[in-house]
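# Survey of secondary and tertiary structure
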Amino acid sequence: MAPDDSANVPFTELQALRARVRDLEASARGAERDLARYRLLLEHLNVGVFVSSLDGRMLECNDRTVQMSGESRESLLSKDLSTHYENPDDRARLVAELRTTGSVRNFETWTRHRDGRRVASSMSAVLAPIGPDGSKLILGMLEDITDRKLAEERAGEGEERFRVLAEQSMLGIAIMQDNALRFVNRAIGDMTGYSIEE
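Now for a description of the structure that goes with this document. Not measured: the values here are computed from a predicted model. (Residues numbered from 1 in each chain as written. Predicted model: local features only at pLDDT ≥ 70, side-chain atom pairs only at ≥ 80, totals over all residues. Heavy atoms only, no water.)

### Re the overall build of the protein
Here is the rule: Strands are runs of DSSP state E lasting at least two residues, helices are runs of H or I lasting at least four, and both sets are numbered from the N terminus onward. By definition in these notes, contact holds between two residues if any of their heavy atoms fall within 4.5 Å. Accessible surface is estimated by sampling points in the Shrake-Rupley manner with a 1.4 Å probe; for residues, cover comes only from the protein chains shown. The charged-residue count follows a simple rule in which Lys and Arg add positive charge and Asp and Glu add negative charge, with His and chain termini not counted at all. The location of each charge is read from NZ of Lys, CZ of Arg, CG of Asp or CD of Glu.
When its secondary structure is counted, the protein shows 6 helices and 7 strands. Reading the protein from its N terminus to its C terminus gives the helix and strand order α-β-β-α-α-α-β-β-β-α-β-β-α. Projected onto its principal axes, the C-alpha coordinates of the protein cover approximately 120 × 40 × 30 Å. A separation threshold of at least 6 residues defines the contact pool for the protein, and within that pool the share at least 24 residues apart is 36%. In the structure as shown, the protein presents an accessible area of about 13800 Å², 54% of it carried by carbon and sulfur atoms. For the protein, the distance from the average site of its 27 positive side-chain charges to the average site of its 34 negative ones is 3 Å.

### Some words on a nonpolar patch on the surface
Convention followed: Each patch is assembled from residues with relative accessible area greater than 30% and no salt bridge, linking like charges that lie within 9 Å and nonpolar side chains (Val, Leu, Ile, Met, Phe, Trp, Tyr) that lie within 5 Å. Any carboxyl oxygen of Asp or Glu that lies within 4 Å of a side-chain nitrogen of Lys or Arg is treated as forming a salt bridge with it. Under the scheme applied here, a residue whose accessible area is under 20% of the maximum for its type counts as buried, over 50% as exposed, and between as partly exposed, the area being computed with a 1.4 Å probe on protein chains only.
Where nonpolar side chains cluster on the molecular surface, the patch consists of Val126, Ile130 and Leu139 and spans about 220 Å² of accessible area. Looking at where Ile130 falls in the secondary structure, it is placed in the loop between strand S4 (118-128) and strand S5 (137-144). The class for Ile130 is partly exposed, based on a relative accessible area of 45%.

### Here's the deal with empty space enclosed by the protein
Any empty space left between atoms is shown by rolling a water-sized probe over those atoms. Condition: Definitions used for this entry: grid spacing 1 Å over protein atoms alone; cavity, a set of points where a 1.4 Å probe fits but cannot get out; pocket, an open set with protein on both sides within 12 Å along at least 5 of 7 lines; lining residue, one with an atom within 4 Å of a point. Grid points are joined across faces, edges and corners, and a volume is the space filled by probe spheres set on the points. Residues are grouped as follows: nonpolar covers Ala, Val, Leu, Ile, Met, Phe, Trp, Tyr, Cys and Pro; charged covers Asp, Glu, Lys and Arg; every other residue, Gly included, is treated as polar.
Applying the stated criterion across every chain, the model contains 1 cavity of 30 Å³ or more. Of the voids in this model, the largest cavity is the one considered here, and its volume is about 270 Å³. Met58, Leu81, His84, Thr111 and Leu142 are the residues nearest the centre of the largest cavity, which is lined by 19 residues in total. Considering only residue class, the lining of the largest cavity consists of 10 nonpolar, 7 polar and 2 charged.

### Notes on the pattern of salt bridges
Across all of its chains, the model carries 12 salt bridges by this definition. For Asp90, the salt bridge goes to Arg93, with nearest N and O atoms at 3.1 Å. Taken as a pair, Asp90 and Arg93 lie in helix H4 (residues 89-101) at a separation of 3 residues, close to a single helical turn. A salt bridge links Arg117 to Asp115; the nearest nitrogen and oxygen atoms lie 3.2 Å apart. Residue Asp115 is classed as exposed on the basis of its relative accessible area of 52%. Salt bridges here are not isolated pairs; linked through shared partners, they connect Glu108, Arg148, Lys149 and Glu152.

### Comments concerning the sheet that holds S4
For clarity, the threshold we go by: In short, DSSP must find at least two bridges between two strands for them to pair. Fitting a line to C-alpha atoms yields each axis, with helices limited to the stretch in contact; the angle taken between N-to-C directions then spans 0 to 180 degrees.
Taken in spatial order, the 5 strands of this open sheet run S2-S1-S5-S4-S3, and their pairing is antiparallel. The strands lining the two open edges of the sheet, one partner per strand, are strand S2 (58-61) and strand S3 (103-112). Along the sheet, successive strands turn relative to each other by an average axial angle of 30°, direction set aside. Sheet topology note: the S4/S5 ladder contains 8 bridges and is antiparallel. Among the inter-strand pairings, Ser121 is bridged to a residue of S5, identified as Asp144. Contacts between H4 and the sheet are confined to strand S1 (48-52), S3, S4 and S5, with S3 contributing the most and set at about 170° to the helix.

### Brief notes about unusual backbone geometry
The phi torsion at Asn106 lies on the positive side, around 55°, for a residue other than glycine. Residue Asn106 is classed as exposed on the basis of its relative accessible area, which comes to 53%. At Asp178, a residue that is not glycine, the phi angle is positive and equals roughly 55°.

### Details of the packing of aromatic side chains
Selection criterion: Each Phe, Tyr or Trp ring (for Trp, its six-membered ring) is paired with any other whose centre lies within 6.5 Å, and the angle between the two planes then decides the class: stacked below 30 degrees, edge-to-face above 60, tilted in between. Lysine NZ or arginine CZ positioned within 6 Å of the ring centre and within 35 degrees of the ring normal marks a charge as sitting over the ring.
All told, the structure shown has 0 aromatic pairs when counted by the stated rule. The ring of Trp110 carries Arg118 above its face, with NZ or CZ at 3.8 Å from the centroid.

### Observations concerning the environment of Asp34
Take Asp34: it is sitting in helix H1 (residues 3-43). For Asp34, a relative accessible area of 31% translates into the label partly exposed. Taking the C-alpha atoms as reference points, Asp34 and Asp23, separated by 11 residues in sequence, lie 16 Å from one another.

Below is the structure:
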């Protein structure tokens, strides 16, 4: 190696290191922008997003999850999640299914809001090795389906009231749908001489 070349080696290495530092800084700024973008997206979703342990501790959650519980974030992160379920067996059923299949889709359950009202949720979750030591944690999303479930309950109650009223009516009532008799009450049977089953 010529004497002139040896003098340039440290300078060339220094230039390469500076270029590498600039690349790393640019990469870090890009990662920070991505993190901010995903955090913004996560906090403005209309679904709850969470990470919890198999033993029932909430580890991370977005604001929507907090709103659905009615708890403060600190309170939610310190409580046993099974206390939020209207039926605590639902939590055990959820964990059992996750352990067996590794995921659940549209797992519907009723929980209790802090103010006592019922909240229906549809949960999709996976069991993922995302713990600090590679341990499996539940990564999931919650959708509030309370309005739909309450409407279904009211519709069922309305159908039951109609059925009781129609069965007890002295007027003949028949429901025809798609060119087939779907319902007849006892009064129709009495008028025609046929049994309800016929």
